[in-house]
Amino acid sequence: MKRVFIGFSFMLILSFALSEHIHAKGFGKDITVKVMSYNIHHAVGLDNELSLPSIANVIKETNADIIAIQEVDRYFGERSQFVDQARELAKLVGYHYTFGANLNLKPAPGQVENRQYGTAILSKYPIIDSKNIHLSSDGEQRGLLIGKVNVRGVHLTVFNTHLGLSHVRMGQVEEIIEISSYYNEPTVLMGDLNAEPKSKELERLQTGLNVVDTFKDVVEANTYPVLHPTKRIDYILTSSDVTYKNSNVHYSESSDHLPIVVDITLKR
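Residues numbered from 1 in each chain as written. Predicted model: local features only at pLDDT ≥ 70, side-chain atom pairs only at ≥ 80, totals over all residues. Heavy atoms only, no water.

(A) Up close: helix 3 (residues 85-93). Every buried residue of helix 3 is listed here: Gln85, Ala86, Leu89, Ala90 and Val93. Down the axis of helix 3, the smallest arc covering the buried residues is 135°, so these residues share one side. Its buried side turned inward, helix 3 meets helix 2 (52-62), strand 2 (66-74), strand 3 (96-105) and strand 4 (115-123). Positive phi appears at glycine 94, one or two residues downstream of helix 3, with a value of about 75°. (Buried < 20%, exposed > 50% of the residue type's maximum accessible area, 1.4 Å probe, protein only. Helix = DSSP H or I, 4+ residues; strand = E, 2+ residues; numbered from the N terminus. Arc of directions from axis to C-beta. Contact = heavy atoms within 4.5 Å.)

Next up, the structure:
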C-alpha cells in the first residue's frame, strides 16, 4: 500500500508540474493571429514593374500570419517570368503555402510546365489540408481555395476566392455557401469579391454563412483603385465564433489593389 501511495503522489506532482508548464507556455489561452487579403495583380505595381520582393515586403510590414492572395501566376508567362509566384513568395517570407489553379493551360512555347493562374494561401502556421474547388463561370474560371491551418493546435479553415465580374457572381456565392456547410471549425473567408458592401451578393454571403464583415465599421475601407480608392471590393469575413480587432487598410503601390489586415482571435 505504501508503494501505491508514493506512486500516486508522484503522479499528482508530475501532473501539477506539467499543467503549470503548459500554462506558463500560454497553452489553453485564446490565440490571436493577423490575417490579410491581397489581390497582388501578379506582383505588378503601379510603376508597371514586376516585383515579388515588393509583395513580400508588404507582408513583412504588416506582420501578417495568414495571407490570402489573388491573381497569382504559376509558370503563366513572360509577364511574371514563368515563375511559381506562390512558392517564391513563401520562400521570401519563410511561410507555408498552398496554390489553387483556376486556369490550367498548356505550356507556353519552349516551356514544360502548364501555364496556371489562380489564388494562394501563405501561412506562418502549418497548412495541414487544402483543396481548390472550381465555381461556375461564364468567362474566366473562378475557384474557392480552402486551407486548413493548424494554429497552435486550433484548426482554422481559410477560404480564399476571387469572384467574377458578371451576373454569375450570385451563383458563385450560393456555391460557396453550400461548400462551407461541410466545415465546422472557426472560419475566415477572404478575397476580392468584385462586389461592394451593399450588394445582394454580400448580403447573401453574410446571412448564408453567418459571417461578420470585419471592416463594416471602418470609415476609410475602400481598396480599389490604389490611388484615391473609390470601391470596397476586398473582404475579410469571419465566422461568429471568431472575434476581431484592428481592421486596417494598408497603403502600398505594389499592386492595383490595397491589402487589408485584421487581428482575429480563436477560442480554445
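Structure's up, so let's keep going.
(B) Spatial organisation of the packing of aromatic side chains. Scanning the entire structure with this criterion turns up two aromatic pairs. Ring geometry for phenylalanine 76 versus tyrosine 117: centroids 5.8 Å apart, planes at 50°, classification tilted. Of this pair, phenylalanine 76 sits in the loop between strand 2 and helix 3 while tyrosine 117 sits in strand 4; the two residues are 41 residues apart in sequence, bridging distant segments of the chain. Judged by relative accessible area, phenylalanine 76 falls into the buried class, the value being 11%. Its relative accessible area of 10% is what places tyrosine 117 among the buried residues. Aromatic side chains phenylalanine 159 and tyrosine 183 sit 5.6 Å apart centroid to centroid with 90° between the ring planes, which places their arrangement in the edge-to-face category. Of the two residues, phenylalanine 159 is situated in strand 7 (residues 154-162) and tyrosine 183 in the loop between helix 4 (169-180) and strand 8 (187-192); the sequence distance between them amounts to 24 residues. Of the residues examined, phenylalanine 159 reaches a relative accessible area of 5% and is grouped as buried. In this structure, arginine 115 packs its charged tip against the face of phenylalanine 76, placed 4.3 Å from the ring centre. (Phe/Tyr/Trp six-rings, centres within 6.5 Å; stacked < 30°, edge-to-face > 60°. Lys NZ or Arg CZ within 6 Å of the ring centre and 35° of its normal.)

(C) Highlighting the nonpolar core. Counting 26 residues, the largest nonpolar core has Ile66 and Val151 as the members making the most contacts within it. Within the residue set of this core, elements represented by two or more residues are strand 1 (31-39), strand 2, strand 6 (142-151), strand 7, strand 8 and strand 12 (260-266). In terms of residues, this core owes the most to one element, strand 12, which gives four residues. Every residue in contact with isoleucine 66, bar those within four places of it in the chain, is listed here: Lys34, Val35, Met36, Ile121, Leu122, Ser123, Val149, Val151, Leu156, Val158 and Met190. Ile40, Ala56, Val93 and Leu122 belong to the second largest nonpolar core, which has 22 residues in total. (Core = buried A, V, L, I, M, F, W, Y, C linked by side-chain atoms within 4.5 Å.)

(D) Representation of unusual backbone geometry. With omega at -10°, the peptide bond leading from tyrosine 224 into proline 225 counts as cis. On the secondary structure map, proline 225 appears in the loop between strand 9 (211-213) and strand 10 (234-239). Residue histidine 41 is not a glycine yet carries a positive backbone phi of 55°. As for its placement among the helices and strands, histidine 41 is situated in the loop between strand 1 and helix 2. Owing to a relative accessible area of 22%, histidine 41 belongs among the partly exposed residues under this scheme.

(E) The arrangement of the sheet that holds strand 6 in detail. One open sheet accounts for six strands, arranged 5-6-7-8-10-9; its pairing is mixed. The sheet is open, and its two borders are formed by strand 5 (127-135) and strand 9, each paired with just one other strand. Each neighbouring strand pair of the sheet contributes to a mean axis angle of 20°, computed without reference to strand direction. When strand 9 meets strand 10, the two strands line up antiparallel, connected through three bridges. Bridge pairing in strand 10 links aspartate 213 to leucine 237. Helix 4 rests against strand 5, strand 6 and strand 7 of the sheet, and its axis sits at about 145° to strand 5. (Pairing = 2+ DSSP bridges. Axes fitted to C-alpha atoms, helices over the stretch in contact; angles between N-to-C directions.)

(F) Region of the structure containing a nonpolar patch on the surface. On the surface, Leu46, Leu227 and Tyr251 cluster together into a nonpolar patch covering about 290 Å² of accessible area. Following the sequence through the fold, leucine 227 ends up in the loop between strand 9 and strand 10. By relative accessible area, which is 48% here, leucine 227 ends up partly exposed. (Patch = residues over 30% accessible without salt bridge, like charges linked within 9 Å, V, L, I, M, F, W, Y side chains within 5 Å. Areas by Shrake-Rupley, 256 points an atom, 1.4 Å probe, with all protein chains shown as cover. Salt bridge = Lys/Arg side-chain N within 4 Å of Asp/Glu carboxyl O.)

(G) Spotlight on the side chain of serine 247. Its place among the elements puts serine 247 in strand 11 (residues 243-249). Among the polar contacts made by the side chain of serine 247, one reaches the main-chain carbonyl oxygen of threonine 214 at a distance of 2.5 Å. Excluding its chain neighbours within four sequence positions, the residues that come into contact with serine 247 are Thr214, Phe215, Val218, Val261 and Val262. (Polar contact = N/O pair within 3.5 Å; in protein donor to acceptor, adjacent residues only side chain to side chain.)

(H) Highlighting empty space enclosed by the protein. Under the criterion given, the structure shown has one cavity of 30 Å³ or more. Estimates place the volume of the largest cavity at around 50 Å³. Taken together, Glu71, Asn102, Tyr117, Gly118, Thr119, Glu140, Gln141, Arg142 and His162 make up the lining of the largest cavity. Per-class residue counts for the lining of the largest cavity are one nonpolar, five polar and three charged. (1 Å grid on protein atoms, 1.4 Å probe; cavity = no way out; pocket = protein on both sides within 12 Å on 5 of 7 lines; lining within 4 Å. Points joined across faces, edges and corners; volume = space filled by probe spheres on them. Nonpolar A, V, L, I, M, F, W, Y, C, P; charged D, E, K, R; others polar.)

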